[in-house]
Amino acid sequence: MPARPLIDLHAHSTASDGTLGPADLVRAAADAGLDVVAITDHDTTAGWAAAVDALPTGLSLVRGAELSCRWQGAQPALPLHLLAYLFDPEHPELVAELARVRQAREARGERIVELLRADGIDVSWPEIMAAADGGTVGRPHIAAALIRAGLVATTTEAFGPQWLGQRYRLPKEDIDVFQAVALVRAAGGVPVFAHPRASRRGRIVPDSLIAELADAGLAGLEADHEDHTPAEAAHVRGLAADLGLLVTGSSDFHGSHKSVRLGAHTTAVGAYERIVAASSGVTGVASG
Ligand code: AMP
Ligand code: FE
Ligand code: FE
Ligand code: ZN
């Protein structure tokens, strides 16, 4: 590994709502000059094997996932994302929770489509499921159907309040965030709170919750992320320093569903090494 490796610890493939398959994702990561990339699809490890098989020489892969969680301490419960790295993908309780969440996402997606159709908007659930091709379904897949139907021009527009951002938004059945942190640790993984301060995405959790999560086993906070302003990222770094948490930065690459490029934000090698050292579920994979 070079003295200042490029490390991007958050990227999606077609195993969830990214647009590159896992093999193309790791190739794109190498092309972007990354030394380490993490595959972190929503609520699934389905992309891991294909990413490992296609791993280009010189690139290291961190196997992970982004878990859909909620904090019950707000009214209504607040959705949030937990990155989980290097956990055992066969840990029974974690496997069961991920399966439950994926199934609930399908039921919710179908209900969103019913709401759209009731308003005369011609999108088809079977077509959306076919396009998702077995990957964890989310609103980006419905957004793509709205674009195909010529109803909106971009994913961003589809996430506006008239569409999936509010009017046709339904809550997900997520994992309680304290349970998720405990499960990830029990599976030998390392939990990192994704984009914790991204106020432009909606409501955010109070710092007091982050302190409680740190006590409960949270390992780190994602500070550098396109949904954080510089002030928000600085606040997250300060909080991490106060709580003894590690800090990551990542692109949260979604292929053409978003405009952000691989490596747009990166993680310092020290934080990466802390994640690897704290894990015991699966190892990092390096090729060549
Ligand atoms: P869901 O998991 O179904 O609630 O959908 C949330 C996902 O949609 C996130 O993981 C992002 O990938 C994507 N997303 C959220 N907001 C936007 C946005 N404004 N533009 C594009 N994609 C978004
Ligand atoms: Fe996503
Ligand atoms: Fe996220
Ligand atoms: Zn993500």
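As the structure is a prediction and not an experimental result, all values here were calculated from the model.

Participant: Got a minute to help me understand the overall build of the protein chain in this structure?
Facilitator: Looking only at helices and strands, the protein chain features ten helices and nine strands. Its C-alpha atoms give the protein chain a radius of gyration of 18 Å, near enough to 19 Å, the size a compact globule of 288 residues would have. Projected onto its principal axes, the C-alpha coordinates of the protein chain cover approximately 55 × 40 × 40 Å. By residue count, 53% of the 288 residues in the protein chain fall in the buried class. Nonlocal contacts in the protein chain, meaning residues at least 24 apart in sequence, comprise 72% of its contacts between residues at least 6 apart.

Participant: Explanation requested: the environment of S68 in the structure shown.
Facilitator: Its location among the elements puts S68 in strand β3 (residues 60-71). The class of S68 is buried, set by a relative accessible area of 1%. Apart from residues no more than four positions distant in its own chain, S68 is found in contact with D43, L80, H81, V101, R105, K172, D174 and I175. Within polar-contact distance, the side chain of S68 engages the side chain of D43 at 2.6 Å.

Participant: Would you mind going over the coordination of the iron ion (ligand 3) with me for this structure?
Facilitator: In an ideal octahedron of six donors the angles at the metal are 90 or 180 degrees, and in an ideal tetrahedron of four donors they are 109.5 degrees. Each protein donor to the iron ion (ligand 3) is listed here as E66 (OE), H81 (ND1) and H195 (NE2); together their distances run 2.0 to 2.2 Å. All donor residues of the iron ion (ligand 3) come from one chain, and their arrangement in sequence is E-x14-H-x113-H. Taken as a pair, the iron ion (ligand 3) and the iron ion (ligand 2) lie 5.6 Å from each other. Placement of H81 in strand β4 (residues 78-85) and of H195 in the loop between β6 (190-193) and α8 (207-216) is noted, with a sequence separation of 114 residues between them. Take H81: its relative accessible area is 13%, and that puts it in the buried class.

Participant: Looking at this model, I keep getting lost on the coordination of the zinc ion (ligand 4). Mind explaining?
Facilitator: Summarising the metal site, the zinc ion (ligand 4) is bound by the protein donors H10 (NE2), H12 (NE2), E66 (OE) and D252 (OD), whose distances to it range over 2.0 to 2.2 Å. Mapped onto the sequence, the residues coordinating the zinc ion (ligand 4) show the spacing H-x1-H-x53-E-x185-D. A separation of 4.5 Å is found between the zinc ion (ligand 4) and the iron ion (ligand 2). On the criterion of sequence distance, the pair formed by H10 in the loop between β1 (7-8) and α1 (22-31) and E66 in strand β3 is long-range, its members being 56 residues apart. Both residues of the pair, H10 and E66, belong to the buried class.

Participant: Would you mind going over the pattern of salt bridges with me for this structure?
Facilitator: A side chain with one charge may pair with a side chain of the opposite charge, provided their charged atoms come close. What the rule picks out here adds up to eleven salt bridges. Notably, a salt bridge pairs D24 with R27, separated by 2.7 Å at the nearest N-O pair. Here D24 and its partner R27 are both found in helix α1, three residues apart, which amounts to about one turn of the helix. Judged by relative accessible area, R27 falls into the partly exposed class, the value being 41%.

Participant: How should I be thinking about the packing of aromatic side chains in this particular structure?
Facilitator: The geometry of an aromatic ring pair comes down to the distance between the two centres and the angle between the two planes. Taken as a whole, this structure holds two aromatic pairs when the rule is applied. Each ring, one from W48 and one from F87, has its centre 5.2 Å from the other, and the planes form 55 degrees; the classification is tilted. Note that W48 is positioned in helix α2 (residues 48-53) and F87 in the loop between β4 and α3 (92-118), a separation of 39 residues in sequence. The exposure class of W48 is buried, given its relative accessible area of 6%. Residue F87 is classed as buried on the basis of its relative accessible area of 1%.

Participant: Where do I start with the nonpolar core in this structure?
Facilitator: A general trend in soluble globular proteins is that nonpolar side chains are found buried together. If you look at the biggest cluster of nonpolar residues, it comprises 67 residues, and the most contacted ones within it are L9, V37, L67, Y85 and L221. The contact partners of V37, leaving out residues within four places of it in the chain, are D8, A11, V26, A29, L59, S60, L61, V62 and L262. Core analysis: the second largest hydrophobic core is formed by 18 residues, I112, I121, L146 and L170 among them.

So, how was this worked out
Residues numbered from 1 in each chain as written. Chains lettered and ligands numbered in written order. Predicted model: local features only at pLDDT ≥ 70, side-chain atom pairs only at ≥ 80, totals over all residues. Heavy atoms only, no water. Helix = DSSP H or I, 4+ residues; strand = E, 2+ residues; numbered from the N terminus. Rg over C-alpha atoms; globule rule 2.2 N^0.38 Å. Buried < 20%, exposed > 50% of the residue type's maximum accessible area, 1.4 Å probe, protein only. Contact = heavy atoms within 4.5 Å. Polar contact = N/O pair within 3.5 Å; in protein donor to acceptor, adjacent residues only side chain to side chain. Donors = N, O, S within 2.8 Å, 3.2 Å for Na, K, Ca; no water. Salt bridge = Lys/Arg side-chain N within 4 Å of Asp/Glu carboxyl O. Phe/Tyr/Trp six-rings, centres within 6.5 Å; stacked < 30°, edge-to-face > 60°. Core = buried A, V, L, I, M, F, W, Y, C linked by side-chain atoms within 4.5 Å.

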